[in-house]
Amino acid sequence: MRNSFVLHADERGYNKILSTGATASYVGGHPDAFITRFSSFNFGEYQDGRKGFGRIRVFGDEAFYHPGCSYSMHPHHNFIICAFVLEGRLTHINTLGGLEELGPGDYYAFSAGSGGLHEELNRSAEPMRAIYLWLLPDQLYLPPSYTRGHFDAAAGTNRITPLIGNDAGPVKISQDARVSRLVADGPGTFRYRPRSAGHGVYAFAIDGTLHCEGVTLKRRDSTGIWGAEEIVYETGRGDTDVLLVETIM
Amino acid sequence: MTDDTLKRWICLGCGFSYDEALGLPEHGLPPGTRWRDIADDWVCPDCGTPKARFEMIEIPYAEGQPRAA
């Protein structure tokens, strides 16, 4: 059976996390830096009755303000943590030996597996904006891994481009899930066929206008659809940029 | 009918997992300690996330894991 929900931008959870006071050990960049986080899903805090979508547990639209602003080095297990940089520069450091600077179009998947730490840092005066996505893995305590990818918007216009998946796309993860990007420069119709009726697709409009199932999504609105054989996305006038996350439900 | 099999729980803050079969002996929870018998004010030993923000999971272990078992 086909099911869906719509989450408007202003219905998402919101946190402003300061680099002072109670969160000073969590967020670096003392004293002026802070992180803003709009959460479609977040750490089991329910958004509109949902604690996640399929294997998604966190979907955060985040911005790091002021030099040194960071999530300080902290530990993880198991979660597959992905970041998609939209604006600015992100320095990602992890205990697999990675020290990476990522810019717009760059993304990574860090599978914490049997244990790893990471730091997410903006060293610049310009804000850094990124989408953070956390997925449960399909096995516990796998060897940790880190893979970086780049989405070329010029080459990827007016099509759906795979970014991350267990079968397709340049970055492999150990979960029955796929992440894709849909960028269009005008009206277009894009058909997405989920792997099975047991899969769902969460579509997040980074920018522009997206029509789907009789609903119009604007900047930062999103929709989750599951139990569908095919999902039709129609982009509006101007530039549209959408992140699509397919997951077993 | 109640399902009495031993369960696994995952911390939604950091991904740390608690397995009822293994317990956490180094934190005073012997193997076989049920999730329901752990104090409500217990927090994740790795990140401090409260017990209420753990989720029960049915994800298998990777080959060779858990190493403690």
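Residues numbered from 1 in each chain as written. Chains lettered and ligands numbered in written order. Predicted model: local features only at pLDDT ≥ 70, side-chain atom pairs only at ≥ 80, totals over all residues. Heavy atoms only, no water.

Q: Account for the pattern of salt bridges, with residues named and values stated.
A: Residue and element names in this part refer to chain A. Within this structure, the stated rule accounts for 22 salt bridges over all chains. With a shortest N-O distance of 2.9 Å, Asp61 and Arg12 are connected by a salt bridge. Residue Asp61 is located in strand S5 (residues 56-65), and its partner Arg12 is located in the loop between strand S1 (3-7) and strand S2 (13-18); the two are separated by 49 residues in the primary sequence. Several salt bridges converge on common partners, so that one network encompasses Asp167, Asp176, Arg178, Arg195 and Glu246. (Salt bridge = Lys/Arg side-chain N within 4 Å of Asp/Glu carboxyl O. Helix = DSSP H or I, 4+ residues; strand = E, 2+ residues; numbered from the N terminus.)

Q: Please give an account of the packing of aromatic side chains that cites residues and values.
A: Taken as a whole and judged by the stated rule, the model has 24 aromatic pairs over all chains. Here the aromatic rings of A:Phe34 and A:Tyr65 are separated by 4.8 Å at their centres, their planes lie at 20°, and the arrangement is stacked. Within this pair, whereas A:Phe34 is found in strand S4 (residues 34-41), its partner A:Tyr65 is found in strand S5, the two being separated by 31 residues in sequence. Seen in terms of ring centroids, B:Tyr18 and B:Trp35 are 5.7 Å apart; in terms of plane orientation they differ by 40°. Their pairing is tilted. (Phe/Tyr/Trp six-rings, centres within 6.5 Å; stacked < 30°, edge-to-face > 60°.)

Q: Please set out the sheet that holds strand S10 (residues 106-111) of chain A residue by residue, giving values where relevant.
A: Residue and element names in this part refer to chain A. Here we have 7 strands laid out as an open sheet, ordered S2-S4-S5-S12-S7-S10-S13, and antiparallel in their pairing. The open sheet has two edge strands, S2 and strand S13 (145-150), and neither has a second partner. Taken pair by pair, the neighbouring strands of this sheet meet at an average axis angle of 20°, ignoring direction. As defined by bridge partners, S5 adjoins strand S12 (residues 128-135) across 8 bridges and the pair is classed as antiparallel. Within S12, the residue paired with Ile56 across the bridge is Leu135. (Pairing = 2+ DSSP bridges. Axes fitted to C-alpha atoms, helices over the stretch in contact; angles between N-to-C directions.)

Q: Go over the sheet that holds strand S15 (residues 171-172) of chain A with me, naming the residues and quoting the values.
A: All names here are of chain A. The 7 strands lie next to each other as S1-S21-S18-S23-S16-S14-S15, forming an open sheet whose pairing is mixed. Of all strands in the sheet, those bounded by a partner on one side alone are S1 and S15. Pairing analysis gives 8 bridges linking strand S18 (residues 199-207) to strand S23 (residues 240-248), with the strands arranged antiparallel. In the strand pairing of S23, Tyr202 is matched with Val245.

Q: Can you explain the domain arrangement of chain A? Please cite residues and give values.
A: Residues and elements named next belong to chain A. Its domain assignment divides chain A into domain 1 (12-150) and domain 2 (159-248). Listed per partner, the contact involves 27 residues of domain 1 and 24 residues of domain 2. Among the residues of domain 1 in contact with domain 2, Phe53, Arg55 and Tyr107 are the three that bury the most area, contributing 26% of the side total. Counting across the domain 1 and domain 2 interface gives 1 salt bridge. Note that Arg220 and Asp61 form a salt bridge whose closest N and O atoms lie 2.9 Å from each other. One can count 7 residue pairs in polar contact (both at pLDDT 80 or more) joining domain 1 with domain 2. Sorting the residues of the side of domain 1 that touches domain 2 by element identifies S4, S5, strand S7 (80-87), S10, S12 and S13 as the ones contributing at least two each. When residues of the side of domain 1 that touches domain 2 are assigned to their parent elements, the largest contribution, 4 residues, is made by S7. (Domains from an automatic or database assignment. Contact = heavy atoms within 4.5 Å. Buried area = accessible area lost by both parts, 1.4 Å probe. Polar contact = N/O pair within 3.5 Å; in protein donor to acceptor, adjacent residues only side chain to side chain.)

Q: Can you break down the interface of chain A and chain B residue by residue, with the values?
A: Between chain A and chain B, the residue contacts involve 19 residues of the former and 20 residues of the latter. At the boundary of chain A with chain B, total buried surface from both sides reaches about 1,600 Å², with 58% on carbon and sulfur atoms. Counting across the chain A and chain B interface gives 1 salt bridge. Put simply, B:Glu55 and A:Arg57 hold a salt bridge, and the shortest N to O gap is 2.7 Å. Connecting chain A to chain B are 8 residue pairs in polar contact (both at pLDDT 80 or more). For the side of chain A that touches chain B, the per-class residue count stands at 9 nonpolar, 6 polar and 4 charged. (Nonpolar A, V, L, I, M, F, W, Y, C, P; charged D, E, K, R; others polar.)

Q: So what's going on with the state of the cysteines? Which residues, and what values?
A: Tallied over the full model, the rule gives 0 disulfides over all chains. As a non-bridged cysteine, A:Cys82 has B:Cys14 as the owner of its nearest cysteine sulfur, 17 Å distant. A residue is classified by how much of its surface remains accessible, and A:Cys82, at 0% relative accessible area, is buried. Residue B:Cys11 stays outside any disulfide, its sulfur separated by 3.6 Å from that of B:Cys47, the closest cysteine. (Disulfide = S-S within 2.5 Å. Buried < 20%, exposed > 50% of the residue type's maximum accessible area, 1.4 Å probe, protein only.)

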